[in-house]
Amino acid sequence: MRSRPLPAGTLAAAVATAVLITGCSSGDDWSRPHPKPTAVGTLGPGFFDPAAPPAPEATITPRPGSWDGVRPSKGYRVVLLTAGEDPQTRTLVNAVTQWAEDEQASLKTIKATEPDQFIPQISKALDLAPDLIISAGNDLVDPMALVTPHHLDQQFLVVGAELAEPTANVTAADWTGASFRGEGLGMSSTYDPTTFTPERADRAVRAGVAAVLNRLTGIVIWLD
């Protein structure tokens, strides 16, 4: 599918806003094309029902550990897009960073520090043309909902939250206590910051990436 252009005001803001980009986990400077990534390994029984694949916007509850056998192929390029200094967001960021190190993925991090940077930072992530953009932080949910429908050829993974009406290129890994879906819906009554543990964040990242690598996208992966 072809991407639809963002509104002119959004593009202008993207040009005007400075971006913090850091890289780690690989010597790849992303200056050259690389082979299309693939899933190394296979999903275990219970990740989803092959006889009834999940429909768009569906929620699946994979069997714990059914994603453990899947990792990305060498050179997988990921942008971590993050906003917020709260402990929950820091836990998610640490989980993504550790996953990238473990799997030798090529990771670049873009951090938004002010609300007027959110959409420009997403645009910067898109400009890098990664294999996957991972979003961490509730502040990014509404901006992601605005931008992602215009870039259907780019895969996104939201960890610790979800979009209210995701398009087929947006996958979420969520759990009870982390089900923020945007300001228009308000904070869920079940939101619980104490559920953002390193172990649960790690599962969200690994299960979410495994789903994207297997083209199970546009869905919510529920990890309770």
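Up top is the structure.
For every chain, the first residue of the written sequence is number 1, and numbering continues from 1 onward in sequence order. Reporting of local features is limited, given that this is a predicted model, to residues whose pLDDT is at least 70; pairs of side-chain atoms are given and counted only at 80 or more, and all residues count toward the totals for whole chains, interfaces and linings. The basis for every side-chain value is the complete set of non-hydrogen atoms in the structure, without hydrogens or water.

**Q** Sorry, what's going on with the pairing of strand S5 (residues 77–83) here?
**A** Looking down a regular strand, the side chains alternate between one sheet face and the other. Exposure categories follow from relative accessible area, calculated using a 1.4 Å probe and restricted to protein chains: below 20% of the type maximum is buried, above 50% is exposed, and the middle band is partly exposed. Only runs of H or I of at least four residues qualify as helices and only runs of E of at least two qualify as strands under DSSP, and these elements are numbered from the N terminus. Within S5, 7 of the 7 residues are buried, which leaves it mostly tucked inside the rest of the structure. Side chains Arg77, Val79, Leu81 and Ala83 project from S5 onto one buried face, and the interleaved Val78, Leu80 and Thr82 project onto a second face that is buried too. Pairing between S5 and strand S6 (residues 106–112): 7 bridges, direction parallel. Bridging across to S6, Val78 finds its partner in Leu107. Look down the strands so they point away from you; if going from the first strand over the helix to the second traces a clockwise path, that crossover is right-handed. For the handedness criterion, the β-α-β arrangement of S5, helix H2 (residues 87–103) and S6 is classed as right-handed. Strand pairing follows a simple DSSP-based rule, namely that at least 2 bridges must link the two strands.

**Q** Sorry, what's going on with the nonpolar core here?
**A** Here, nonpolar core means buried Ala, Val, Leu, Ile, Met, Phe, Trp, Tyr and Cys residues that are tied together by side-chain atoms lying within 4.5 Å of each other. Tyr76, Trp99, Leu132, Ile134, Val159, Val209 and Leu223 are the most contacted members of the largest nonpolar core, which totals 39 residues. If you tally residues by element for this core, the top one is helix H5 (residues 198–213), at 9 residues. Note on contacts: a residue pair qualifies if any of its non-hydrogen atoms lie within 4.5 Å across the two residues. The contacts of Trp99, once residues within four sequence positions are left out, are Pro72, Tyr76, Val78, Ala105, Val205, Arg206 and Val209. Trp30, Val79, Ala125 and Leu140 belong to the second-largest nonpolar core, a separate cluster that totals 25 residues.

**Q** I'm lost on the packing of aromatic side chains in this one. Help?
**A** Each aromatic ring pair is summarised here by two numbers: the centre-to-centre distance and the angle between the ring planes. Between rings of Phe, Tyr and Trp, where Trp is taken as its six-membered ring, a pair exists when centres lie within 6.5 Å; planes separated by under 30 degrees are stacked, by over 60 edge-to-face, and by other angles tilted. Considering all chains together, one arrives at 3 aromatic pairs under this definition. Consider the rings of Trp175 and Phe196, whose centres lie 5.1 Å apart with planes at 65 degrees: the pair is edge-to-face. Here Trp175, found in the loop between strand S9 (170–174) and H5, pairs with Phe196, found in the loop between S9 and H5; they are 21 residues apart in sequence, far enough to count as distant. With a centroid separation of 5.9 Å and an interplanar angle of 55 degrees, the aromatic rings of Tyr191 and Phe196 are classed as tilted. Each member of the pair, Tyr191 as well as Phe196, carries the same accessibility label: buried.

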